[in-house]
Every structure is written in C-alpha cells, then in structure tokens.
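Chain residues, written in single-letter form:
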Amino acid sequence: MKKIPNTKYQIPNTKRVLALNGGYAMAEALRQIHPDVMAVYPITPQTTIIETYAKFKADGLVDTEIIQVESEHSAMSATIGACSAGARAVTASSSQGLLHMAETLPVVSGLGLPIVMCVSSRALSAPLNIHGEHGDVMAIRDLGWVQIFGEQAQDAYDNTIIALRLAEMAGVPVMPIMDGFHTSHTTERVEVLGDEIIQSFVGQFKPENALVDQKNPITIGTLALQNTYFDFKIDQEKAFLKVKTLYKKICAEYGKISGRKHSLFEEYKTKDADFVIVMMGATVGTAKDAVDKLRADGKKVGLLKINLFRPFPYKEVGAALAHTKSIAVLDRAMAFGSFPPLYQDIVTSMQSAGSRKHDVASYVYGIGGRDTMQSHIVSVFRDLEEGEINNKIKYLT
Amino acid sequence: MNKELTKKLSSGHATCQGCGIPAIVRHVLGATDEPVIVANATGCLEVTTTIYPYTAWKVPYVHSVFGNAAATAAGIDAAQKALMKSGKIKKKAKVVVFGGDGGTYDIGLQALSGALERGHDFLYVCYDNEGYMNTGGQRSGGTPYGANTETAPAGVASFGKAQQRKDLMEIVNAHHIKYLAQSNVAYVNDLKMKAKKALETTGPSFLLVLQPCTQLWKFPTSEYVAVGKLATETNFWPLYEIEDGKYTINNVVKNPKPIEEFLKVQGRFKHLFADKNKQVIADIQNKVDENLSKLVKKAQ
C-alpha cells in the first residue's frame, strides 16, 4: 500500500459526509487512489479537478508526480508515456481539450493502457460556449474508451473509483463523465469513504509489461499492416465487450463497501410504466422530480438512466424497456445530419428486444448549458401519452 | 554486423539502403552503458523498426503518435520519478527521444518546447533529413531554401521552397537548457562525442543531426557519407555545440567549398542550375556565409 505522506491534516480513515462539488469529488477520489502520475492542463469546467489536486499536493496530502503540460494533446501523451513506463497515470479534460487530445485517445485504447481520465462535459465551439452538455464526449464515443455517466457529485466520486478499478482489471481506458457546471460546480452532499478502504479497493497497479523493466525490453506502439491490423481491432472489440460483466462485478463489490448501488442503468419507476424517458447525466434529477409529480397524478411514467454508455448494454436495456408502450430518448448532444447517439442506441436496443416494434421519439435538450425544466419533461411525457411521436428530432429549448 | 553496434538496435530493420538513421541511433545509444528508454515520433525510424510481429529494438521502446514524442518522454520521466519514490525501481533509465524534422521542427515543436521548459531529464535527438520523407518527400520547416519537394515543387513558376528553414538550434537554445549540439551522421566521432555529453547531462539535452536522405535528396545510395561531408565542408551545416550558453564550433572549415559542391550532387537542387535560378544559388551562398559569421561571433 502506498503511504500518504505525513501532513498537518489529519484525515479520518472513516466515512465522511462532505459538501463537495463534482470537480472536488473527483479530485477527492483521485487523492484516495493516489496515482503515481497526473498530467494537468486547464480548461473550464474541468479545472476544479486539477486545481483541487494541485492543492492536495501543495498541502502534502499526495506525492503524485504532477506534470503541468502545455496542451491537452501533451496531457494524454504524457499519461501514455507514464502508463507505458509502468506508473498508475491519470488526467482530466473537457470540450475543446478533449478533442485536442482526440488523436491520442485511440492510441490509449489500442495499446490497452488502463488510464482514467475524469471528464467534465461541455459544449464545443463554434460559437464558444463553456457550459455543460455531452457534445464533447459524444464526439469521441467510439474510440475504445469506457464511458460512465454520472448524475450527481456523489456519482463523480464513486465513478472515479469504479473507473480506476475497471480500467486496471479490464486493461482498457475509462472516462468517468459528469455534466459541466450542473455537476462539476454544484455543491452537494457527498459521502466519502476512508482512504484505506479506497486504497484497498483499488489495490496496487501491476502492469503486465512496463518500459522500466530493463530485463524484458518491450516495444510498445508497433506498426501493424494489412495482415495483422484488422485482427488487432477485432481482439480489441472482444476485450471491450467483456467490460460490461466486469463493470457489474466491480459495482457490486463497490456496493458492499459504500452501500450505494451502481449498475449498467438505473430504472426509476419503470417496472409498470407505459411511457419511459431514457437519458443520462445531471438533468436526470429534474426528470425524476417530474416523474414523481406525474405519478402522483396517476400517470404510469418512468425514467431509465444510462450509467455505462460505452460499451452500451443493448440487450439489457431492450429487455428493461420491452413492456413499455412508447419511449422518449433525451440526448444532450447535437448530431448534425443524424439522429443523436443515445437515441440510435435505444432504437438498436429495442430492435434487439425482439417481438414488437416500439415507438421511440427523439429529443435534444440542454445544449450549451440551456436550462431544462420539469415542464420540458412533462411535455415529453404528454407527447408520448398523446401519441405525438414522429421521426423528427424535437428540441427542448 | 558489428555486435557492439547492434546491441540496442538490431540488424534486419527496413530502412532504405544508404540511410544514416540507424547509424545515428546506434552511435547515440552506444555512447552510454547506462539503461535507456526510447520514445519515438512517427516517421521513418518508427515504421522501419517496428513492423509487427518484429521489432529491431533491444531496449524498451514506445511510439504513440507523430507530434507527441517529447510529451511521451515527459510522462516516462515522471513515471520513473514516482516509481523511484515508491521503491518500485532502483535506478532511472535515461529517456532518449528520436524524431525526424517533421516531428520536431513542425508537429512536435510545441510538445518539445513544453518538455524543455519543464526541465524533464531526457535527450531529444532530431534526425534531420530536411523534409517529410516517410510520406514521400514533402516540405517541412527544416527543408532548405530552394529545395524541390513534393509540396513545394520546382516548375516554371517556382524554384522550390521559397522560405529559409527554421533555426531550430536557436529555438531550443531559447529554453536555456544545459547542452545542445548540431552534428552530422557523416562525422561519427563528432556525433559520439556529443551524444556522450548529452546523455551525461542532467535535465533536457538536444542533438540536431543531419541525415542525408538518398531517396528524396536524390543521390546514389553509396554516397550518404560523402553528401553529408559536403554539407559541413561548405558550411551549410557547421558542427557546433552550446554548453551552458557557450558556443563552440567543433569543426572550423579552413577552406570552405562553394555551396554548389553540396547542391550539385543532389537531385532536389538540380533545377537551381538552370540559368533562371542562378540567383537562388547565390542567395543560398549568401545565407550560408551570413549564418556562419553569426555563429562565429557567438563562439568568440
């Protein structure tokens, strides 16, 4: 177990209930994980994570090697170097930064490097907008990174810990995602577990191969031609599909130490629901309140919140929604000239569910930080109930 | 093959006949008995030494993308520091980066600048073949004035590259690192001496090594040493080093040859010998003289 240096701060090794924003909650999880290396570069609304972590180091709470890189491209590149060398390495990003490092993201997944990147999701330029939505993480969704969405600051904390364990068990990179500002900058009640409990949960990083192993020199990042590249990619996909089972297993183990339930998705009053909204991220809280109100009026409505977005649990989602009359999918991302990503995944899920055709409606909300109100959610359920379902994307402006 | 030379980079790699890149790698890495970890930018060296399922590397090696070799090295450096602290390793290896001029002057310059500024413990070696040779000979920031390249071709309305190449040595020097030097694969003793100094430097060090490319400078494969020597004998490529800010010219050329001697043996400059381009050759000679006199002043 890695020792945390002695400091003037005494952190009790027991559960604490704190008022934290999502950024701080992710940084707190990282402090407990205590990675060997963290590459940092500022971008709103991610900066709360790296600033908090830098202060942890300044206060002697961690002795992680922090690399203050000159760009996000270098942030992920340095993380690749560190992880290849044999170190537990993490970084954080958002929006333009995430796309700036996009070139390196398939390298990480192709090499099977278990890197965790905390993401505070945000709109993409142009026009410039620093506020929350999922446009950034959707743009890089199929590059072989596991994507775990969270609703609250508590999820930001929990998902960071689950992400690290998952990355190292599965040999894949993982990004725990929170909505910029709505989660990253909103102070909420967060239960933080004891440092030793988390350190014991994540264990030691024991890479199969490392550049520092001079006795077994390894070549990482080869050139693969037409005769091998395709097979590498098929193997990568096979390995990636195993993530779902491991994720469930890790969530169950994490549930034992935290008392909190994490799963592929959360079913909120869906069991007997005729009309269900599918969505993910911070706005789920608002939608749950709307569901509660409509339930009080006797409406059979529910909500399904996706947690594990990549790899996507098609079969499980299809089965969970098979009994519904109709479904509305709420995406917090634009997809120009196409239906938005979550909608497409839900349509595919319902095809895999089998017997009958489901009506699935597409809505886009919260772009560039636009508020989504309960009235928006109520209007979506009204559409479903009234059969106002067509093949057009509706915008909840 | 000499066993000593192939201790770190084996024979059987796929570089072109008459390519000096393996010689650069072998002489640089051969200048130390200490452990090394190599980070490589995408380019000729990478694609010719790591064709799966083979590797020519007998030392730990990592390649990720084109523009990030110095940032990758930064991560390895930080990882080693952390693993030393936690007792997982007992000794740090020297991190050595190899990148071409495209990966160094151009797409990797920002990452290099950042890593130099942060003071990581690494040696960056740029093998400079004056263009994007792995992609077939396009113009880079290191391509010299007047050269015919695929993206700055000569024609009735063009004499080739119309701009001077970047002064990469001065760009690197502006980061105030302890040791940097310009060398030439045709001068192996010079290269070995500089590699030793660079590897013994704590913190960042930098080597800019001229690497004549048979394919796209267009000369016979038997001639890379001869062409390389002409680059220095004409003062097109002086050999010098900067130690703690102090300049030393390592090979003062007593009777420099005219620049035509260097240009005329290469197909990439052939068009300059047409009457209409005579002035370009004169311009190149003037620039060579100007650069040398600046360097001599700095070395005084």
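### Some points on the overall build of chain B
- Secondary structure summary: chain B contains 11 helices and 10 strands in total.
- Here the C-alpha radius of gyration of chain B, 19 Å, is about what a compact globule of 300 residues would show, namely 19 Å.
- Expressed as a percentage of its 300 residues, the buried residues of chain B come to 53%.
- In chain B, of all internal contacts separated by at least 6 residues, the share reaching a separation of at least 24 is 67%.

### With respect to the packing of helix α11 (residues 284-296) of chain A against helix α14 (residues 374-385) of chain A
Residues and elements named next belong to chain A.
- Running from N to C, α11 and α14 point in directions that differ by 60°, and their axes come no closer than 9 Å. Accordingly, the angle class assigned to the pair α11 and α14 is oblique. By crossing handedness, the relation of α11 to α14 is classed as right-handed. Only Gln-374, Ile-377, Val-378 and Phe-381 of α14 make contact with α11, whose side of the interface consists of Thr-286, Ala-287, Asp-289, Ala-290, Lys-293 and Leu-294.
- Here the contact of α11 with α14 is composed, by residue class, of six nonpolar, two polar and two charged.

### What about the environment of Phe-149 of chain A?
- Structurally, Phe-149 of chain A is set in strand β6 (residues 146-149).
- Leave out the neighbours within four places in its chain, and Phe-149 of chain A touches Ile-177, Met-280, Gly-281, Ile-306, Asn-307 and Phe-309 of chain A.

### Regarding the sheet that holds strand β11 (residues 275-279) of chain A
Residue and element names in this part refer to chain A.
- Reading across from one edge, β10-β12-β11-β14-β15-β16 is the order of the six strands in this open sheet, with mixed pairing throughout. If you trace the sheet from one side to the other, it starts and ends with β10 (265-268) and β16 (393-396), each paired once. Averaged over all adjacent pairs, the angle separating strand axes in this sheet is 25°, with direction ignored.
- When β11 meets strand β12 (residues 301-306), the two strands line up parallel, connected through five bridges. Paired with Ile-277 across the bridge in β12 is Leu-303.
- Each of β11, β12, β14 (326-331) and β15 (359-365) touches helix α13 (residues 341-352); the most contacted strand, β14, lies at about 150° to it.

### Describing the interface of chain A and chain B
- Between chain A and chain B, the contact holds 40 residues from the first and 41 residues from the second.
- Contributions of two or more residues to the side of chain A that touches chain B are made by β2 (37-40), β3 (65-68), α3 (72-85) and β9 (219-220) of chain A.
- The leading source of residues in the side of chain A that touches chain B is α3 of chain A, at 10 residues.
- Classifying every residue of the side of chain A that touches chain B by side-chain character gives 19 nonpolar, 15 polar and six charged.
- Alignment of β9 of chain A against strand β2 (residues 61-63) of chain B, held across two bridges, turns out to be parallel. Note that in β2 of chain B the partner of Thr-219 of chain A across the bridge is Tyr-61 of chain B.

### Examining the environment of Glu-130 of chain B
Residues and elements named next belong to chain B.
- By the secondary structure assignment, Glu-130 is in the loop between β4 (122-128) and β5 (154-155).
- Judged by the 29 C-beta atoms lying within 10 Å of it, Glu-130 is buried.
- Between the C-alpha atoms of Glu-130 and Gly-102, which are 28 residues apart in sequence, the distance is 8.1 Å.
- If near-sequence neighbours (up to four positions away) are discounted, Glu-130 is found in contact with Asp-101, Gly-142, Thr-143, Pro-144 and Ala-147.

### Some words on the domain arrangement of chain A
Residue and element names in this part refer to chain A.
- Assigned domains within chain A: domain 1 (16-202) and domain 2 (265-396).
- Taken over C-alpha atoms, the centre of domain 1 sits 27 Å from the centre of domain 2.
- In this assembly, 19 residues from domain 1 lie in contact with 19 residues from domain 2.
- Along the lines of polarity and charge, the residues of the side of domain 1 that touches domain 2 split into seven nonpolar, eight polar and four charged.

### A closer look at the packing of helix α3 (residues 69-85) of chain B against helix α5 (residues 109-118) of chain B
Residues and elements named next belong to chain B.
- Relative to each other, α3 and α5 sit at 35°, their axes nearing to 7 Å. Within the contact between the two elements, α3 uses Ala-70, Ala-71, Ala-73 and Ala-74 and α5 uses Ala-111, Leu-112, Gly-114, Ala-115 and Arg-118.
- Residues of the contact of α3 with α5, tallied by class, amount to seven nonpolar, one polar and one charged.

### Describing the nonpolar core
- Of all hydrophobic cores here, the largest spans 218 residues; its most connected members are Val-96, Val-97 and Val-125 of chain B.
- In this structure, this core is formed jointly by two domains, domain 1 (16-202) and domain 2 (265-396) of chain A, each of which donates at least three residues.
- The contacts of Val-96 of chain B, once residues within four sequence positions are left out, are Val-28, Leu-29, Val-36, Val-38, Phe-122, Leu-123 and Val-125 of chain B.

### Regarding helix α11 (residues 278-299) of chain B
Residue and element names in this part refer to chain B.
- Between its first and last C-alpha, α11 extends 32 Å over 22 residues, near the 32 Å set by a 1.5 Å rise per residue.
- Residues of α11 that are buried: Val-280, Ile-284 and Val-288. Viewed along the axis of α11, the buried residues span an arc of 85°, placing them on a single side of the element. The exposed set on the far side of α11, more than 90 degrees from its buried face, consists of Lys-278, Gln-279, Ala-282, Asn-286, Glu-290, Ser-293, Lys-294 and Lys-297.
- Tucked into the core, α11 has its buried residues touching β6 (158-159) and α10 (259-263).

### With respect to the sheet that holds β2 of chain A
All names here are of chain A.
- If you trace the seven strands from one edge of the open sheet to the other, you get β3-β2-β4-β5-β7-β6-β13, paired in mixed fashion. Since the sheet does not close on itself, it has two edges, and those belong to β3 and β13 (308-310), each with one partner. With direction set aside, neighbouring strand axes in the sheet form an average angle of 20°.
- Here β2 runs beside β3; their pairing, made up of four bridges, is parallel. Bridging across to β3, Val-37 finds its partner in Glu-65.

### Description of α13 of chain A
All names here are of chain A.
- For α13, built from 12 residues, the straight-helix expectation of 16 Å at 1.5 Å per residue is met to within 8% by its first-to-last C-alpha distance of 17 Å.
- Where α13 is concerned, the buried positions are Pro-341, Leu-342, Tyr-343, Asp-345, Ile-346, Ser-349 and Met-350.
- On its buried side, α13 packs onto α6 (135-139), β11, β12, α12 (314-321), β14 and β15.

Analysis parameters
- Residues numbered from 1 in each chain as written.
- Chains lettered and ligands numbered in written order.
- Predicted model: local features only at pLDDT ≥ 70, side-chain atom pairs only at ≥ 80, totals over all residues.
- Helix = DSSP H or I, 4+ residues; strand = E, 2+ residues; numbered from the N terminus.
- Rg over C-alpha atoms; globule rule 2.2 N^0.38 Å.
- Buried ≥ 20, exposed ≤ 12 C-beta atoms within 10 Å, placed from the backbone.
- Contact = placed C-beta atoms within 7 Å.
- Axes fitted to C-alpha atoms, helices over the stretch in contact; angles between N-to-C directions.
- Parallel < 35°, antiparallel > 145°, perpendicular 65-115°, else oblique.
- Left-handed = near helix turned anticlockwise from the far one by under 90°.
- Nonpolar A, V, L, I, M, F, W, Y, C, P; charged D, E, K, R; others polar.
- Pairing = 2+ DSSP bridges.
- Domains from an automatic or database assignment.
- Core = buried A, V, L, I, M, F, W, Y, C linked by C-beta atoms within 7 Å.
- Expected span 1.5 Å × (residues − 1).
- Arc of directions from axis to C-beta.

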